[in-house]
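Residue-level structural notes
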Amino acid sequence: MDTKKLRQKILDLAIRGKLVPQDPNDEPASVLIEKIRAEKEKLIKEKKIKRDKNESHIYRSDKSYYEKFADGTVKCVDEEIPFEIPESWEWCRWRNLFQMNPKNTIEEDVEVSFVPMAYIKDGYANEAKFDRRQWRDIKLGFTHFQNNDLGIAKITPCFENRKSVIFKKLV
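Keep in mind that what you see is a predicted model, and the values were worked out from it rather than measured. (Residues numbered from 1 in each chain as written. Predicted model: local features only at pLDDT ≥ 70, side-chain atom pairs only at ≥ 80, totals over all residues. Heavy atoms only, no water.)

**Describing the side chain of His144**
Mapped onto the secondary structure, His144 falls in the loop between helix H3 (135-138) and strand E6 (150-152). A distance of 2.9 Å separates the side chain of His144 from the backbone oxygen of Lys139, its partner in a polar contact. (Helix = DSSP H or I, 4+ residues; strand = E, 2+ residues; numbered from the N terminus. Polar contact = N/O pair within 3.5 Å; in protein donor to acceptor, adjacent residues only side chain to side chain.)

Have a look at this one:
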């Protein structure tokens, strides 16, 4: 048995919502996406984040998928849709769900967690340790994380080794 192919098949089934039966009582993804939009609007009004100039949402109409942008333009995105998803799911852009690489302003001498890629286990082990460093020494040139952030390796070979973690207990 080829375990690599088996893992890939299981992941493929999970992404398509076919690994386990779908519960019709679960709230649809559209409700969660609307909650995320409302939270982003709140943060924008509080001036904690800036409005995304490329804000958009994907919707289905007449058996085709379209993306509507903040400026009102609409584009058919059928060629970007790789497969059908369960009825209660929705396609969306990652940038509409969370912030990518948010910036922080912290006092220079504050001690913070520093997580070298070597400290994140391969696979989906969801484990990482950290060193303590002064903010001034690591504020530039590194990605900033806080507790409950998702960290995913973005360069090879770490990306190929599926290094990923949800950060917990950071300083």
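**Let's talk about the nonpolar core**
Ile58, Tyr65, Val77, Ile81, Phe83, Ile85 and Trp91 form the largest nonpolar core, which has seven residues in total. For Ile81, the contacting residues outside a window of four places in its chain are Tyr65 and Trp91. (Core = buried A, V, L, I, M, F, W, Y, C linked by side-chain atoms within 4.5 Å. Buried < 20%, exposed > 50% of the residue type's maximum accessible area, 1.4 Å probe, protein only. Contact = heavy atoms within 4.5 Å.)

**Considering the packing of aromatic side chains**
Across all of its chains, the model carries four aromatic pairs by this definition. Measuring from ring centre to ring centre gives 4.9 Å for Phe114 and Phe142, while their planes differ by 85°; the resulting arrangement is edge-to-face. Here Phe114 is found in strand E4 (residues 111-114), whereas its partner Phe142 is found in the loop between H3 and E6, with 28 residues between them in sequence. (Phe/Tyr/Trp six-rings, centres within 6.5 Å; stacked < 30°, edge-to-face > 60°.)

**Regarding the pattern of salt bridges**
For the structure on display, the rule yields 15 salt bridges. Ionic pairing is found between Glu67 and Arg95, a salt bridge with its closest N-O pair at 3.8 Å. One end of the pair, Glu67, is in strand E2 (residues 64-69); the other, Arg95, is in the loop between strand E3 (74-76) and E4, and 28 residues separate them in sequence. Accessibility expressed as a relative area gives 2% for Glu67, which makes it buried. A relative accessible area of 31% means that Arg95 is categorised as partly exposed. Where Lys139 meets Glu108, a salt bridge forms, and the shortest distance between an N and an O atom there is 2.4 Å. Of the two residues, Lys139 is situated in the loop between H3 and E6 and Glu108 in the loop between E3 and E4; the sequence distance between them amounts to 31 residues. Judged by relative accessible area, which is 28%, Lys139 ranks as partly exposed. We classify Glu108 as partly exposed; its relative accessible area is 35%. Where salt bridges share partners, they join Asp52, Glu67, Lys75, Glu80, Arg93 and Arg95 into one cluster. (Salt bridge = Lys/Arg side-chain N within 4 Å of Asp/Glu carboxyl O.)

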